[in-house]
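Here is what each chain is made of, one letter per residue.
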Amino acid sequence: MDARLLLILVLLGLSRAQQDGNECTKASAQSCGECIQAGEKCGWCTDESFLKQGEQKSTRCDEIDALIKKGCSNASIENPRGGVTVNKNKPVTNRTKDGVKLKPDQITQIQPQKLTLDLRSGEAQTFALKFKRAEDYPIDLYYLMDLSFSMKDDLENVKNLGTHLMKKMQTITSDFRIGFGSFVEKTVMPYISTTPAKLLNPCTSDQNCTSPFSYKNVLSLTEDGSQFNNLVSRQQISGNLDSPEGGFDAIMQVAVCADYPSIAHLVQKLSENNIQTIFAVTEEFQPVYQELKNLIPKSAVGTLTSDSNNVIDLIIDAYNSLSSEVILENSRLPDGVSISYISHCKNGVIEKGENGRKCSNISIGDEVKFEVAITAKGCPSNGKSETIKIKPLGFTEEVEIVLNFICECECHKDGIPNSPSCHFGNGTLECGACRCNDGRIGRNCECSKDEVRTEDLDANCRMDNGTDICSNNGDCVCGTCECKKRDNPEERYSGKFCECDNFNCDRSNNKLCGGHGRCECRKCICDANYTGSACDCSLDTSTCLASNKQICNGRGTCECGVCKCTDSKFQGQTCEICPTCPGVCTEHKDCVQCRAFATGDKKDTCEKECMYFNLKLVKMKNELPQPHDQPYINHCKERDANDCWFFFSYATKNDSTVEVHVAEELECPSGPDIIPIVAGVVAGIVLIGLALLLIWKLLMIIHDRREFAKFEKEKMNAKWDTGENPIYKSAVTTVVNPKYEGK
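It should be emphasised that the depicted structure is a prediction, and the values quoted were computed from it without experimental measurement.

Conventions we followed
Residue indices follow the written sequence of each chain, beginning from 1 at its first position. Only residues with pLDDT of 70 or above have their local features reported here, since the model is predicted, and side-chain atom pairs are shown and tallied only from 80 upward, although totals for entire chains, interfaces and linings are computed over all residues. Side-chain figures throughout are based on the complete set of non-hydrogen atoms in the structure, without hydrogens or water. In what follows, a disulfide is any cysteine sulfur pair within 2.5 Å. To qualify as a helix, a DSSP run of H or I must reach at least 4 residues; to qualify as a strand, a run of E must reach at least 2; elements of each kind are numbered from the N terminus. Under the scheme applied here, a residue whose accessible area is under 20% of the maximum for its type counts as buried, over 50% as exposed, and between as partly exposed, the area being computed with a 1.4 Å probe on protein chains only. In the sections that follow, a salt bridge refers to a side-chain nitrogen of Lys or Arg positioned within 4 Å of a carboxyl oxygen of Asp or Glu. Two rings from Phe, Tyr or Trp (for Trp, the six-membered ring) form a pair when their centres sit within 6.5 Å of each other. Planes less than 30 degrees apart are called stacked, planes more than 60 degrees apart edge-to-face, and all others tilted. What pLDDT expresses is the predictor's confidence in each residue, scored from 0 to 100. Any two residues whose heavy atoms approach within 4.5 Å are treated as being in contact. For patches, a residue must show more than 30% relative accessible area and have no salt bridge; joins then use 9 Å for like charges and 5 Å for nonpolar side chains, namely Val, Leu, Ile, Met, Phe, Trp and Tyr. With residues, only the protein chains shown are counted as cover, and all accessible areas are computed by Shrake-Rupley using a 1.4 Å probe. Definition used in this section: a nonpolar core is a set of buried Ala, Val, Leu, Ile, Met, Phe, Trp, Tyr and Cys residues joined via side-chain atoms within 4.5 Å. Only when DSSP finds a minimum of two bridges between them are two strands counted as paired.

### Digging into the state of the cysteines
And step 1. Scanning the model with the defined rule gives 24 disulfides in all.
And step 2. There is a disulfide in this structure between Cys461 and Cys476, and the S-S distance comes to 2.0 Å. Between Cys461 and Cys476, the S-S torsion sits near 65°, and that sign places the bridge as right-handed. Linking Cys461 in the loop between helix 12 (455-459) and strand 25 (474-477) with Cys476 in strand 25, this pair joins segments that are 15 residues apart in sequence. Judged on exposure class, the residue Cys461 and its partner Cys476 are both buried.
And step 3. What pairs with Cys544 in a disulfide is Cys558, and their sulfur atoms sit 2.1 Å apart.

The following block contains the structure:
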């Protein structure tokens, strides 16, 4: 079928009345192929010397990190990985309606078109699919109409549909074809009346109807709209007995020309033939067909008016709805294979699960992506490749995916059949281990199944007569102990009699072998720089280095990374703390003074007590060694008997020798200068006197002003009156002459 979009418009009419351990060790794999099928993290050690005495062949199968810890090198580990190969990757088409007209098979909307996947059990292989809705995509519309009597008035409106619909669709695509088919009902009871008269005319006597039929293809797909009008105008109405006309039967006939289908069968065939269905029904039957729409992917339901005059608009709306959504579906998957989708749609919308299969609201020219992951669990029984297909529903384009299953390791093809290493040729030496022939067992196929667990063989599995078989930690197989597996895959028994294990060693800080060694046959094998029964004693002395770079400051020994001070007066992490000791400068002052200047308290015993350091003299104090010149150095400043300062440095070198540098120049205090002192004293006395005088003067001024202000205040408040003063006497004395008569 051409790469065209085929729509079937179903115009339905009803009677007016009715309208724990890991997966690798649990697998007990006996070969590399069985191991890699147990899970994606499983690897197989091909080193022939890998197994310890008493260990089973299945011990070779474990997670990669666990195998390395057990001593298998990376080069000896088989761990094949899957992959994705793109075989055909034609870019999506950028086509416009005004551009060069392409044939349907020249249009590409999905990319890539073919891939090959190499699948390792449990390992998902992921790839991306791109879908771009092409402009001017070819469309085929097959108009399937119910011609039962209830659709009589609708038929009149459909007769001119062809040319009108062609004009409308040309606004969407320049490549449009239309066809027409009709149906009534199955021509058997109880769907129609089978009386001879009703078979000729199923309608009432005053109506002229054609004989009933199940389905007719009236017009195959054509680009001629007038031919559609011509043939439709010749159609006649028929009739039936029951209301549900044979619509599904007709749809199936359009799709594949098959018998009356179930809905599931119909969905399958519509998908296989890339057909999208539009149901045009009256409003009262909308709920029923909306439910049906949910069961048929890429289908649409439109509301038809009573006389079907809106059918063109209904078709356009339904087409836009269907073409704006892309839904991916895949063909049947082989047993053990699963697939998942993640969609990356417009506006950054990301969906997973079932919604990861689809994107909506896609306009012409829009591009969306799908992330597809395919995982296999195990291998198919025949081990052969399988092919599956993924395609967008309703489109003929598809992606072909070839699935190759990784069922064996690379080393499998180098196997040596009937190898002498497998007990005189009783097996194939493959991937470092023997794959035994039928009827043979044992690590090296050394025993037949009939010889297992005989008394003579069991005796070979005891350390002595009084012990349990295989130390009660294994089974005796062909006279050889095969040790039991522990629930914890990190723990294992080993040894000829399974007498050893790697988990019953001494512990420190609740860690096996202190976390600094490995447990072999119940004894710790310590890492470098560690010792002790639990590997808890560090031989690293860096933690014992004092600030002078000496181990324990030269005052103790480093044991298991900790200082043990030999002198009880010293303490601290590196024996540097001495609460009762003088400082370095004070401690060595007398010896430095006697050797450098022949003075001091020890000048008489200098040669006896002060020869423990190397003395070097320098001229000035700035010539003394600086801190970066020695690993550890003290700079000292001390006073002698003449009240002079002398300077020296005290350094302990890496070889524990002491080196003292002394500056020959002393700093002595000079005598006092009398004149400046006297002048300063006199000046100070004068200044103090002047200051006191000024202060006294200032205080007197303040006192006088306060007294004057007080006087003025009292003066203002005084109000004297002579008539009121009881002690007032006038200064005038008047004397009256008694003899005076006024003459």
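Now, onward.
### Some thoughts on the pattern of salt bridges
And step 1. This structure, assessed with the given rule, holds 21 salt bridges.
And step 2. Two residues, Glu354 and Arg357, come together in a salt bridge whose shortest N-O distance is 3.5 Å.
And step 3. One salt bridge connects Lys619 with Glu664, and the closest N-O pair in it is separated by 3.6 Å. Remark: Glu664 occurs in the loop between strand 40 (658-663) and helix 15 (674-717) and Lys619 occurs in the loop between strand 37 (614-618) and strand 38 (633-639); sequence separation between them is 45 residues.
And step 4. With a relative accessible area of 56%, Lys619 lands in the exposed category.
And step 5. One salt-bridge network, held together by shared partners, links Glu40, Arg81 and Glu123.

### Topic: unusual backbone geometry
And step 1. That bond from Gln111 to Pro112 is cis: its omega, -5°, falls within 30 degrees of zero.
And step 2. With respect to the secondary-structure elements, Pro112 resides in the loop between strand 6 (110-111) and strand 7 (114-119).
And step 3. The backbone of Cys445 sits at a positive phi, close to 60°, despite the residue not being glycine.
And step 4. Topologically, Cys445 is positioned in the loop between strand 23 (440-441) and strand 24 (447-448).
And step 5. Its relative accessible area of 0% is what places Cys445 among the buried residues.
And step 6. Its identity is not glycine, yet Asn529 carries a phi of approximately 75°, on the positive side.
And step 7. With respect to the element layout, Asn529 can be found in the loop between strand 32 (523-526) and strand 33 (530-531).
And step 8. On the basis of relative accessibility, which here comes to 47%, the residue Asn529 falls in the partly exposed class.

### A short note on the packing of aromatic side chains
And step 1. By the definition in use, this model includes 9 aromatic pairs.
And step 2. Judged by centre distance (5.5 Å) and plane angle (75°), the ring pair of Tyr493 and Phe503 falls under edge-to-face. Of this pair, Tyr493 sits in strand 27 (residues 493-494) while Phe503 sits in the loop between strand 28 (500-501) and strand 29 (507-508), and the two are 10 residues apart along the sequence. Neither residue differs from the other here; Tyr493 and Phe503 are each classed as buried.
And step 3. Taking 6.0 Å as the distance between ring centres and 20° as the angle between the ring planes, the aromatic pair formed by Phe646 and Phe648 counts as stacked. Accessibility classification places Phe646 together with Phe648 in one group, the buried group.

### A few points about the confidence of the model for the chain
And step 1. In the predicted model, the chain carries a mean pLDDT of 81, and the fraction of residues at 70 or more is 84%.
And step 2. For the chain, per-element mean pLDDT is lowest for strand 1 (residues 5-11), which scores 58, and highest for strand 7, which scores 96.
And step 3. Contacts for the low-pLDDT stretch residues 14-19, under 50 throughout, to residues beyond four places or in other chains number 19 contacts.

### A short note on a nonpolar patch on the surface
And step 1. A contiguous nonpolar patch, built from Ile674, Ile677, Val678, Val681, Val682, Ile685, Val686, Leu687 and Leu690 and spanning about 840 Å² of accessible area, is present on the exposed surface.
And step 2. The exposure class of Val678 is partly exposed, given its relative accessible area of 45%.

### Considering the nonpolar core
And step 1. Of all hydrophobic cores here, the largest spans 35 residues; its most connected members are Tyr143, Met145, Leu161, Leu165, Phe176, Phe180 and Phe228.
And step 2. Broken down by secondary-structure element, the contributors of at least two residues to this core are strand 9 (139-146), helix 4 (152-158), helix 5 (161-169), strand 10 (176-183), helix 7 (225-232), strand 12 (275-281) and helix 11 (311-323).
And step 3. Per element, the largest residue contribution to this core is 8 residues, and it comes from helix 11.
And step 4. Leu117, Leu328, Cys359 and Leu403 belong to the second largest nonpolar core, which has 31 residues in total.

### Thoughts on the pairing of strand 8 (residues 125-132)
And step 1. Across 2 bridges, the pairing between strand 6 and strand 8 is antiparallel. Directly across from Gln111, in strand 8, lies its bridge partner Lys130.
And step 2. Examined bridge by bridge, strand 8 and strand 18 (residues 367-376) share 8 bridges and lie antiparallel to one another. Across the sheet, the residue bridging to Thr126 is Ala373, located in strand 18.

### Let's talk about the sheet that holds strand 18
And step 1. Taken together, the 5 strands give an open sheet; going across it, the order is 6-8-18-15-16, and neighbouring strands pair in antiparallel fashion. Both edges of this open sheet fall to strand 6 and strand 16 (350-352), since each of them pairs with a single strand only.

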